[in-house]
Each structure stands twice: as structure tokens, then as C-alpha cells.
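Below are the chains, spelled out letter by letter.
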Amino acid sequence: MYWNEAKECMERNELQALQLERLKQMVTKIYHNVPFYRDAFQKLGVEPEDIKSLDDLSKLPFTTKQDLRDNYPYGLFATPMSQIVRLHASSGTTGKPTVVGYTRNDITTWSEIVARSMACGGADHNSVIQISYGYGLFTGGLGAHYGAERLGSSVIPMSGGNTEKQIMLMKDFGATTLACTPSYAIYLAEAMEEMGVGLEEISLKTGIFGAEPWSESMRAQIEKKLNIKAYDIYGLSEVMGPGVSMECECQNGMHIWEDHFIPEIIDPITLEPLPYGEKGELVFTTITKEGLPLLRYRTKDISMLTAERCKCGRTHVRMQRVSGRTDDMLIIRGVNVFPSQVESVLLEIGEVEPHYQLIVTRNGNLDELEILVELSEKSFSDKISILESLEKRIMNRISSVLGISAKIRFVEPKTIPRSQGKAVRVIDKRNI
Amino acid sequence: MFKQVSIFLENKKGRLKEVLKLLADNNIDIRALTIAETADYGVLRLIVDNVDKAEQILKENSFRINITNVLGIEIQDKSGSMYEFVNLLYQHNINVEYAHTCTPSNVGKSAFIVRVDEDKIEEALEIIKKCNDISTISE
């Protein structure tokens, strides 16, 4: 179901013309209003007038998270504070958070793209949407909330935590749609089982999950455990919040709302733009944001773009599900390893729970990888030989997929910390 | 035939103590116990007096468990009786997966728990019925 058919199904040449017009306006605005960008342009010897086509985007400077940190808190805002009606902050791994600011128009735009995204996932004004993303500085909760409200759905602002209550209200309020992280969706499904709440007691039909990378096998698990269709939504606070892109019913890539964002894929080392179909780092340029417009923002998320026509009728380019981050990537004995690879192996083998953790240590000069895995009810056999054979199967598959060998260790249920937000998949004990 | 409770325990200090305390606190009596271990974990196998209760409280406390059907056998407490029993199974092509002893119900007898293939249990029970010196443990 389209929320904004005119935009979502716009012919590509019209869409690109719109993008160019908006890009030119955005570039002019930041050049004149944001000293950081003016300096960056001048260093490169470029001016707003040099942007004559979308290809000229590659002449322009990048923006990184460090730039936001260096200009903490409001240094990159393009409008005076009196026009900023909302501030959000994303968690920083070190010290100060990165701050984002929104004008009233930005909030309207954000609500529109989230409403569009939720409609893309099958929700409408009759839906009852349970939002279990955290409300607060995190853009997840309020982002989803304003979008769902704009859509006209009945919004349940649960935020995170209080799982028993979440399940009780999910039942009693007849929630049809669930919005939270994929990790939390699994957590809720398990809690429901423990509480003895059957699937026939709830009205859930769809889930719109994001805020962390998740595999196809994790999706299959969630769809099975909750008997719903699970869709991927993507976003990041710097670019807007949730709703930058969204999967359609084809479940084959997420449509990036190109009337608001221009995506690029670049080689993270050479910084050269890559053609459609090649994997690399996702970069976004915001062309309608007023408070904090960003030029070529490097997300560190790894993805790939395709402009192949989608059966849903939407013409906006699709991005592949994020397969990891350039900084989530571990280098173990010289090999690039992503936690998501481990996830897909474990779920493919199917006899373990989706709760795992990678422990990386260094023994003398040699890196060692140990993977902790919780045994599922059905895989726990009384016979040691069966357990050992499962261990070996996992070990062989990991070795084949990752390119390095890992020790597999079965652990008791609930040993691996559950997360209500993003799951911690890696414990790197090396002091690199 | 008994329902044996198998419990997965990590090879960490205190795990065995925890599970035994849990059973003790819930008045569950253990009639046979064995631990099969590997470097990283152990499988604790128990014959208890109340399987349903044990299953429930172990699951509630997040233990990974499994219920297996096993045979409870009683033989004469004298040299050669174990050999006779195992030989009897061997002649009928019934493989012994594992075995461990337990408290006999009668004096002068030795008792043990035997695991055979699930689909050979009925056959094994038939064979034992026909034997004079071997019987199954009364539950």
C-alpha cells in the first residue's frame, strides 16, 4: 500500500531531476550557513555553482561521525537554534554523543517518511502499532511514533523493557504491528513461550524491525516464532532516524526514499564511488533536511545498491540488508570476519538458539576465536556423541564460511546476555 | 522402564551444586546418578522419584534438559551375572549405549540403568521377562 504514490512511484528521470534541484539548493544553503562545509569546499576548490549534474556529487567533501563530534554540539547545524524544535543524540562509544537537530519541517518530513515506510510494510490507519523501541534521545522510539501517528494508526508507546507488561498489552490491546529491534522481537517471543501465552492469543500480523543488522535466517526465526511477516527498516540519526529506507512486500532490499536522500556506495579505503551491484560503504546526502543537512555522510554500514525495477511498483533504489559495519568487522589471523556470518551459519544449521557470542583472544601471537552458542531444547541430546557431532558440524561450517577455524562451546540457556536494544555479539579481549 | 532426566551442565564451578540444591529444595529424591563429561560440559543423568516435578522446576530455572527412556535392570549380585545380561542383549543385536548402577530394590541384587536404542526397548523388555535371573526394577 502506497502512502505517497506520486513520490514513491515517480519515474526515475523525474526523480533524478527533483534530486538535482534539491541538491543544488542544499549545497548553496550549507555553503553559506555552515562554516565547516564552506571551509571543506574551499579546501577542495569547489563552489555550489559547480554542481550541474548528480555525478558532480563525487566532487564534494565527505562528512564523518568524527566531524559531528568535533563540532559538538551544534556546530554543523544550518539553522539558528530558535528554529530547532527537537534534539536527539546517538550513543557514542567514547565520551560525548553525536547530536542531531530538527526544525519543524524536518519533523514533518521525518514523520512522512516513517509513515511511508510503515505503509510499505502493510500498516494503515486501522493498525494498532506497538512501539517497543526506546523513547528518549534515541531516534528509534519517537521516530517510529511520529510516523505511525502520521499514518493514523493507533499507537502504543511502550518503549523498551517491562516485558511481561508488553506481552499483556500486546494481547489486550490487540496490537497488529510490532516495531522494535530484531533481538527484542526474539526476546519477546521467548518470554511469551515462558509465560504460556499462545500465538492464538495475540493479533500480530507484521513486524517492522531495525536499529541493528540481522540475517535472513534471523528473519525466518522471528517469522516462525511469532507467526508474522517481518520487515526490515533502516535509518540512522545523523541522516534522519528510522525511515531512511524500508523493505516492501517483495522482501528483497529496502527502498531508499530518494526524494529526501541521495545514496552512494563507496570503497571504504579509496573513497571512490562504486557502481550499482558492488558492495561497499553506504553514504547519504540529505536533500530536504533543514536543521542538520549532511553532505556525503559516511555511515560505515556495508551494503549494495540496485536500481532494478521492483515488482511493488516503487521506483526508488533498493539497498541490500546491511551485512555488517566497516568497524564491526574483526580481523582474526589476518582474515576479515563479520559477526553476521556466524549468525547465518548458526541459524542455517538450525539446532541452536539465535543467542551467540564471539570471544576473541590472543594466545602468544596467535588470534583465537571461540564461539559461545546456546543449545536449543530440541538439540540437547542425552547422547554425548550427538552433541559432539553437532559441535563438529558447526565448526566445519564456520571454518568453510569464515575462512578461519573457531572453537565452538555450548553454554547453558540464558548464559548469553539478552538485549532489549542492540545485541553485543563480540567480546574482543585482545589488546590491539 | 524409567524416564531418565538428563541435564546439560557447563564445566563451571558450582553448576552441579546448584542443580542438586534445586532438586533438594523441592524434595526430589535421586535414586541413580551419573555424570558423562567432556572437556567443556557434562551431562548429568538422574533417575528421580518425581520426573514431572523435576522437569518442571528444572525448566523454570532455565536448565537445558532432556527426558530419555531407559531400562532398570536387576540381576543376581554374583560374579558373571552382568556378563550374562550383556551377552543376552548382544545375541539379540541390541546395543548398549551406556549404563550405570543404582540402588536395588531387593537385597542380594545388583541394579543398574541401561540405555539401549529407543526402538529396541520393547524387544529388550520381552527378552528380560523370559529370563529367570534377570528382572526389571520395580518403580
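Residues numbered from 1 in each chain as written. Chains lettered and ligands numbered in written order. Predicted model: local features only at pLDDT ≥ 70, side-chain atom pairs only at ≥ 80, totals over all residues. Heavy atoms only, no water.

## Description of the interface of chain A and chain B
Each partner contributes residues to the interface: chain A has 21 residues there, and chain B has 24 residues. Carbon and sulfur atoms make up 50% of the surface buried where chain A meets chain B, a total of about 1,900 Å² over both sides. When the buried area of chain A at its contact with chain B is split by residue, Phe380, Asp382 and Glu412 of chain A rank highest and sum to 40% of it. On the surface where chain A and chain B come into contact, there are seven salt bridges. Taking the shortest distance from any N to any O, the salt bridge between Lys59 of chain B and Glu377 of chain A comes out at 3.8 Å. Linking chain A to chain B there are 11 residue pairs in polar contact (both at pLDDT 80 or more). At the level of secondary structure, the elements contributing two or more residues to the side of chain A that touches chain B comprise helix 11 (384–402) and strand 20 (407–411) of chain A. At five residues, the largest contribution of residues to the side of chain A that touches chain B is made by strand 20 of chain A. (Contact = heavy atoms within 4.5 Å. Buried area = accessible area lost by both parts, 1.4 Å probe. Salt bridge = Lys/Arg side-chain N within 4 Å of Asp/Glu carboxyl O. Polar contact = N/O pair within 3.5 Å; in protein donor to acceptor, adjacent residues only side chain to side chain. Helix = DSSP H or I, 4+ residues; strand = E, 2+ residues; numbered from the N terminus.)

## What about the sheet that holds strand 12 (residues 297–303) of chain A?
All names here are of chain A. With antiparallel pairing, four strands are arranged side by side in an open sheet as 10-11-12-15. Bordering the open sheet on either side are strand 10 (261–266) and strand 15 (324–325), each of which pairs with just one other strand. Relative to strand 15, strand 12 runs antiparallel, the two sharing two bridges. Within strand 15, the residue paired with Asp301 across the bridge is Arg325. (Pairing = 2+ DSSP bridges.)

## Notes on the packing of aromatic side chains
Taken as a whole, this structure holds 13 aromatic pairs over all chains when the rule is applied. Arranged with centres 6.5 Å apart and planes meeting at 70°, the rings of Phe261 of chain A and Phe284 of chain A form a pair that is edge-to-face. Placement of Phe261 of chain A in strand 10 and of Phe284 of chain A in strand 11 (residues 280–286) is noted, with a sequence separation of 23 residues between them. Neither Phe261 of chain A nor Phe284 of chain A differs from the other in exposure class; each is buried. An aromatic cluster of at least three residues, connected via ring pairs, comprises Phe380 and Phe410 of chain A together with Phe8 and Tyr41 of chain B. The lysine or arginine in question, Arg296 of chain A, covers the ring of Phe62 of chain A, its NZ or CZ lying 4.1 Å from the ring centre. Stacked on the ring of Trp214 of chain A, the Lys or Arg Arg321 of chain A has its end atom at 5.3 Å from the ring centre. (Phe/Tyr/Trp six-rings, centres within 6.5 Å; stacked < 30°, edge-to-face > 60°. Buried < 20%, exposed > 50% of the residue type's maximum accessible area, 1.4 Å probe, protein only. Lys NZ or Arg CZ within 6 Å of the ring centre and 35° of its normal.)

## A closer look at the domain arrangement of chain B
All names here are of chain B. Once the domains are mapped, chain B shows domain 1 (2–68) and domain 2 (69–136). One C-alpha centre belongs to domain 1, the other to domain 2, and the line joining them spans 23 Å. At the interface, 11 residues of domain 1 touch 10 residues of domain 2. Each partner contributes to the roughly 900 Å² buried at the junction of domain 1 and domain 2, and carbon and sulfur atoms together form 53% of this total. At the junction of domain 1 and domain 2, the tally comes to zero salt bridges. Remark: the boundary between domain 1 and domain 2 carries five residue pairs in polar contact (both at pLDDT 80 or more). At the level of secondary structure, the elements contributing two or more residues to the side of domain 1 that touches domain 2 comprise strand 1 (2–10), strand 2 (30–37), strand 3 (41–48) and strand 4 (65–76). It is strand 2 that contributes the most residues to the side of domain 1 that touches domain 2, four residues altogether. Across the side of domain 1 that touches domain 2, the residue classes break down as five nonpolar, three polar and three charged. (Domains from an automatic or database assignment. Nonpolar A, V, L, I, M, F, W, Y, C, P; charged D, E, K, R; others polar.)

## As for the packing of helix 10 (residues 339–349) of chain A against helix 11 of chain A
Residues and elements named next belong to chain A. Where helix 10 meets helix 11, the closest approach of the two axes is 10 Å, and the angle between their N-to-C directions is 140°. Taken together, helix 10 and helix 11 sit at an angle that is classed as oblique. When you trace helix 10 past helix 11, the crossing you get is right-handed. Two secondary-structure elements touch here, helix 10 through Gln341, Val342, Val345, Leu346, Glu348 and Ile349 and helix 11 through Leu390, Arg393, Ile394, Arg397, Ile398, Val401 and Leu402. (Axes fitted to C-alpha atoms, helices over the stretch in contact; angles between N-to-C directions. Parallel < 35°, antiparallel > 145°, perpendicular 65-115°, else oblique. Left-handed = near helix turned anticlockwise from the far one by under 90°.)

## What to know about helix 8 (residues 182–195) of chain A
Given 3.6 residues to a turn, an α-helix orients residues that are three or four positions apart in the same direction. Residues and elements named next belong to chain A. Its 14 residues place the ends of helix 8 20 Å apart at the C-alpha level, agreeing with the 20 Å of an ideal helix rising 1.5 Å per residue. Within helix 8, 10 of the 14 residues are buried, which leaves the element mostly enclosed by the surrounding structure. For helix 8, the complete set of buried residues consists of Pro182, Ser183, Tyr184, Ala185, Ile186, Leu188, Ala189, Glu190, Ala191 and Met192. Looking at the buried positions of helix 8, the neighbouring elements they touch are helix 7 (163–172), strand 5 (177–180), strand 6 (206–209), helix 9 (216–226) and strand 18 (352–363). Where helix 8 terminates, the next one or two residues include Gly196, which has phi positive at roughly 75°. (Expected span 1.5 Å × (residues − 1).)

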